[in-house]
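A look at the structure
Chain residues, written in single-letter form:
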Amino acid sequence: MPSNSEMPRYVLRNCNIFVDRVSKIGQASEITLPVPAEKVEEMRNAGMVMPIDIPMGYEKLETSFKLTAFDPQVITLFGLAIGVEKEFMITGSLAHEDGTVINATAYIRGRLIKSDHGSWKAGEVGENDFQITMRYYRLEVEGSTLIEADPFNVSIGGASQTDAIRAALLV
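Our subject in this report is the structure included herewith. (Residues numbered from 1 in each chain as written. Predicted model: local features only at pLDDT ≥ 70, side-chain atom pairs only at ≥ 80, totals over all residues. Heavy atoms only, no water.)

1. A look at the overall build of the chain
The criterion, for reference: Secondary structure elements are taken from DSSP: a helix is a run of H or I of four residues or more, a strand is a run of E of two residues or more, and numbering for both begins at the N terminus. Here the globule rule is a power law, 2.2 Å times the number of residues to the power 0.38, and the radius of gyration is based on C-alpha atoms. For every residue, the accessible area (1.4 Å probe, protein chains only) is compared with the maximum for its type, and the residue is labelled buried under 20%, exposed over 50%, or partly exposed between those bounds. Whether two residues touch is decided by their heavy atoms; if any such pair falls within 4.5 Å, the residues are in contact.
The helix and strand tally for the chain stands at two helices and 12 strands. Sequence-ordered secondary structure for the chain, helices as α and strands as β, is β-β-β-β-β-β-α-β-β-β-β-β-β-α. By the compact-globule yardstick of 16 Å for 171 residues, the chain is too spread out, its C-alpha radius of gyration being 20 Å. Across its three principal directions, the C-alpha atoms of the chain cover 65 × 55 × 35 Å. Here the chain holds 171 residues, and the buried ones make up 26% of them. A fraction of 58% describes how many contacts in the chain between residues 6 or more apart in sequence connect residues 24 or more apart.

What follows is the structure, encoded as C-alpha cells:
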C-alpha cells in the first residue's frame with residue numbers, strides 16, 4: 001500500500017469567486033487563474049555562437065471567469081472611471097487523497113475590461129464571460145504566500161525578485 005506522501009495531493013475539488021466582495025457560489029462555471037510569465041528577450045552578442053533569453057521583467061497579468069448568471073452586480077463593474085479598481089477573490093478547495101482538505105486563495109485587484117454576454121438561446125444556459133486586467137495579485141495556499149505581484153515588485157515564496165533593481169533605481 002502506498003504511503004500518504006505517494007498519494008495525490010493538492011487536487012482541486014471545488015472553487016468559488018468573490019466579485020467586489022460578493023460571493024458567486026453556484027453561479028461561476030469556470031475561473032481562470034492568472035498565468036505569471038517572465039518577459040524575455042533573445043540576445044546573441046559578439047562571440048556568442050547561440051542566442052540566449054535574458055529576463056526583462058514580467059508579462060501583464062490577466063484573469064477571467066464565466067458566470068451562467070446574467071448578474072447585474074458584475075455587469076456594472078465594467079468600464080468604470082480611470083483609477084477605479086475592484087477586488088476579486090478566487091478560493092479553491094484542495095484535497096489530498098488521505099482526506100485532508102486545504103484552502104487556496106488568489107487575491108486580485110484590477111479592472112473588468114471585458115463583459116461578453118454570449119449568445120442567448122431558448123432552452124440553453126447562457127454564459128457570460130468576464131476578463132480582468134490586474135494591478136495586484138497574491139496566491140496563497142494554507143495561508144502561505146506563493147506569489148505576490150504588483151507593477152513594481154514580484155515576490156516568490158516571500159522573497160522579492162526585484163529588490164536589487166529597485167535599490168539600483170534608488171527607490
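2. Examining the pattern of salt bridges
The line we're drawing: The salt bridge definition used is simple: a Lys or Arg side-chain nitrogen within 4 Å of an Asp or Glu carboxyl oxygen.
Under the definition given, this model contains 11 salt bridges. Among the salt bridges present, the one from Asp20 reaches Lys86, with a minimum N-O distance of 3.7 Å. Placement of Asp20 in the loop between strand E1 (11–19) and strand E2 (22–23) and of Lys86 in strand E7 (residues 86–95) is noted, with a sequence separation of 66 residues between them. In this structure Lys86 comes out as partly exposed when scored by relative accessible area, which is 22%. Across the salt bridge formed by Lys66 and Glu30, the nearest N and O atoms sit 3.8 Å from each other. With Lys66 in strand E6 (residues 62–67) and Glu30 in strand E3 (residues 28–32), the pair connects residues that are 36 residues apart, well separated along the chain.

3. Comments concerning the layout of surface pockets
One way to see where empty space is left: roll a probe the size of a water molecule over the atoms. As a reminder, the rule being used: Here a cavity denotes grid points, spaced 1 Å and computed from the protein atoms alone, that fit a 1.4 Å probe unable to get out, and a pocket denotes an open set having protein on both sides within 12 Å along at least 5 of 7 lines; residues with an atom within 4 Å of a point are the lining. Grid points are joined across faces, edges and corners, and a volume is the space filled by probe spheres set on the points. In the scheme used here, Gly and all other residues not listed as nonpolar or charged are polar, with Ala, Val, Leu, Ile, Met, Phe, Trp, Tyr, Cys and Pro taken as nonpolar and Asp, Glu, Lys and Arg as charged.
If you add up the space inside the largest pocket, you get close to 370 Å³. No other element matches the four residues that strand E9 (residues 128–141) contributes to the lining of the largest pocket. For the second largest pocket, the lining is made up of 13 residues, of which Leu12, Leu33, Ile90, Gly92 and Ala104 are closest to its centre. When residues of the lining of the second largest pocket are assigned to their parent elements, the largest contribution, four residues, is made by E7. Looking at the lining of the second largest pocket residue by residue, the class counts come to 10 nonpolar, three polar and no charged.

4. Focus on the environment of Gly26
Inspection of the secondary structure puts Gly26 in the loop between E2 and E3. Classification of Gly26 by relative accessible area gives exposed; the value is 75%.

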